[in-house]
Amino acid sequence: MGLKCGIVGLPNVGKSTLFNALTSAKALAANYPFATKEPNIGMITVPDPRLEKLADLVNPQKILPTMIEIVDIAGLIKGASQGEGLGNQFLANIREVDAIVHVVRCFDDDNVVHVDGSVDPVRDKEIIDTELLFKDLETLEKRLEKLKKAAKTGEKEALKAVATTQRLQTHMEAGKTVRTFDMNEDEAELVQEMMFLTAKPILYVCNVDEESVNDGNDYTAKFKAAVADEDAEVILISAGIEADIVELEDMEERMEFLQDMGLSEPGVNRVIRASYKLLNLITYFTAGEKEVRAWTIKVGTKAPQAAGVIHTDFEKGFIRAEVIKYDVYTQYGSEAAVKEAGKMGVEGKEYVVGDGDVMHFRFNV
């Protein structure tokens, strides 16, 4: 599918430590700015207890989870939109991702240098927003010039496009991101075409100290208040704890460690699930003796296109889909029991696949 999330933030906020924990890769994580110059790319498994439950019922030879791509992008500083630091590279890398995981530092530690000399997650967020907005305003101004030329003909659609773009310009010049711009469907289509950096969906990750991982601290409280109008999820995580968890290979040791910390699961699991949701993705399953497998599709995908994720021939020769809702499958315990109870659905080409559907495709090529 090729959809990916990019981890962004100022230098030394814990991006690479989080990336390592997410991917169990060993990207360079160091206490100096620009430790990450080239973006690190990793594939991360999406944790899904439904897959484990289906596997328990089916007892397959293989269990295959779904995955998404994550990119650890170089840290940014003030002036990036003018090419300061690694600015141009940073902005180009952001343009290539579909959603943003923005890490902010919410802990004090004299041993970890802050690029601006003090800890202030709200200020740090505003620095990145400002640099991205400067770049977006450049994009907008170029597009507005073209739209104004087209509008000189008096064409109604061009005039509407100019009005929308000018209204957006006023919004952005007030320091507000594109994602907070109030627009109707037609306006949203126009804005989407311009591929603004600040229009990308965003998830905020507050990197906190161990003591604050459950309830947060003053920094996280102020940060949550600052982003309240963005309709964005905020997750608290201690990158240090996550790094320690990754080092424990034994699952029992991991669970004991989590319990000692008062946690029910690693924080990276929440980050991964939230990133998956941010990309507007859902999961359907196939379940058989050979394998139980999770497949990734976008919300709103119809049955033939969902089948095409497995193989293009499935989409080309699609006849029908046999569908069992996850809750029904787990209630009856097997495909045979579901069929016997008459609870299996038979769906055609217009069926919109639901999250958690257990599916079998009939096709002919």
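Residues numbered from 1 in each chain as written. Predicted model: local features only at pLDDT ≥ 70, side-chain atom pairs only at ≥ 80, totals over all residues. Heavy atoms only, no water.

A. Just the sheet that holds strand β5 (residues 99–106), in detail. The strand order across the open sheet built from six strands is β2-β4-β1-β5-β6-β7, with neighbouring strands paired in mixed fashion. The open sheet is flanked by β2 (40–45) and β7 (234–237), the only strands paired with a single partner. Within the sheet, the average angular offset between the axes of one strand and its neighbour, ignoring direction, is 25°. Pairing geometry for strand β6 (residues 202–208) and β7, over four bridges, is parallel. Looking at β7, one finds that asparagine 207 is bridged to isoleucine 237. The strands that helix α1 (residues 15–23) touches are β1 (4–8), β2, β4 (67–72), β5, β6 and β7; relative to β2, the one it contacts most, it runs at about 40°. (Pairing = 2+ DSSP bridges. Helix = DSSP H or I, 4+ residues; strand = E, 2+ residues; numbered from the N terminus. Axes fitted to C-alpha atoms, helices over the stretch in contact; angles between N-to-C directions. Contact = heavy atoms within 4.5 Å.)

B. Layout of the nonpolar core. Grouped together as the largest cluster of nonpolar side chains are 57 residues, with contacts concentrated most on Leu22, Ile94 and Val205. Not counting the four nearest positions on each side in its chain, isoleucine 94 is found in contact with Val8, Ile73, Ile100, Leu132, Leu197 and Lys200. Formed by 17 residues, the second largest nonpolar core is a distinct cluster that contains Leu144, Leu190, Val191 and Met194. (Core = buried A, V, L, I, M, F, W, Y, C linked by side-chain atoms within 4.5 Å. Buried < 20%, exposed > 50% of the residue type's maximum accessible area, 1.4 Å probe, protein only.)

C. The side chain of aspartate 136, seen in detail. Structurally, aspartate 136 can be placed in helix α4 (residues 121–151). The buried charged residue aspartate 136 lacks any salt bridge, with arginine 95 as its nearest oppositely charged partner at 5.1 Å. Contacts of aspartate 136, omitting those with residues within four sequence positions, involve Met172, Val178, Phe196, Leu197 and Thr198. (Lys, Arg positive; Asp, Glu negative; His and termini not counted. Salt bridge = Lys/Arg side-chain N within 4 Å of Asp/Glu carboxyl O.)

D. The environment of leucine 140, seen in detail. As for its position among the elements, leucine 140 is in helix α4. What makes leucine 140 buried here is its relative accessible area of 0%. It is 43 Å that separates the C-alpha atoms of leucine 140 and arginine 293, two residues lying 153 residues apart in sequence. Once you skip the residues sitting within four places of it in the chain, leucine 140 turns out to touch Thr165, Leu168, Gln169, Met172 and Phe196.

E. Looking closely at a positive patch on the surface. Where like charges cluster on the molecular surface, the positive patch consists of Lys142, Lys146, Lys149 and Lys152. For lysine 152, the location among the structural elements is in the loop between α4 and α5 (156–173). Exposure remark for lysine 152: the relative accessible area of 74% places this residue in the exposed category. (Patch = residues over 30% accessible without salt bridge, like charges linked within 9 Å, V, L, I, M, F, W, Y side chains within 5 Å. Areas by Shrake-Rupley, 256 points an atom, 1.4 Å probe, with all protein chains shown as cover. Charge placed at Lys NZ, Arg CZ, Asp CG, Glu CD.)

F. Here's a closer look at the environment of glycine 262. Checked against the element boundaries, glycine 262 lands in the loop between α9 (251–260) and α10 (267–278). Given a relative accessible area of 49%, glycine 262 falls into the partly exposed group. Taking C-alpha positions, glycine 262 is 7.6 Å from asparagine 214, a pair spaced 48 residues apart along the chain.

G. Inspection of the confidence of the model for the protein at higher detail. Of the residues in the protein, 91% have a pLDDT of 70 or more, and the chain-wide mean is 87. A low-confidence stretch, residues 25–37 stays under pLDDT 50, and its non-local contacts, those more than four residues away or across chains, total 37 contacts. (pLDDT = per-residue confidence, 0-100.)

H. Inspection of α9 at higher detail. The N-cap of α9, judged by a side-chain oxygen 3.1 Å from the amide nitrogen of glutamate 252 a few residues on, is aspartate 250. Once α9 finishes, glycine 262 follows within two positions and takes phi at roughly 75°, a positive value. (Polar contact = N/O pair within 3.5 Å; in protein donor to acceptor, adjacent residues only side chain to side chain.)

I. Inspection of the pattern of salt bridges at higher detail. Taken as a whole and judged by the stated rule, the model has 17 salt bridges. The residue arginine 123 makes a salt bridge to aspartate 124 at a minimum N-O spacing of 3.0 Å. Both residues of the pair, arginine 123 and aspartate 124, count as buried. Ionic pairing is found between arginine 273 and glutamate 265, a salt bridge with its closest N-O pair at 2.5 Å. Arginine 273 sits in the partly exposed class, given a relative accessible area of 32%. Here the salt bridges share partners, and the residues they tie into one network are Lys125, Asp129, Arg179 and Glu230.

J. Highlighting the packing of α1 against helix α8 (residues 239–247). Axis separation between α1 and α8 bottoms out at 9 Å; the angle between their running directions is 35°. Judged by the twist between their axes, the crossing of α1 over α8 is left-handed. When α1 is examined against α8, the residues Thr17, Leu18 and Ala21 are found in contact with a partner set consisting of Ala239, Glu242, Ala243 and Val246. The residue makeup of the contact of α1 with α8, split by class, is five nonpolar, one polar and one charged. (Left-handed = near helix turned anticlockwise from the far one by under 90°. Nonpolar A, V, L, I, M, F, W, Y, C, P; charged D, E, K, R; others polar.)

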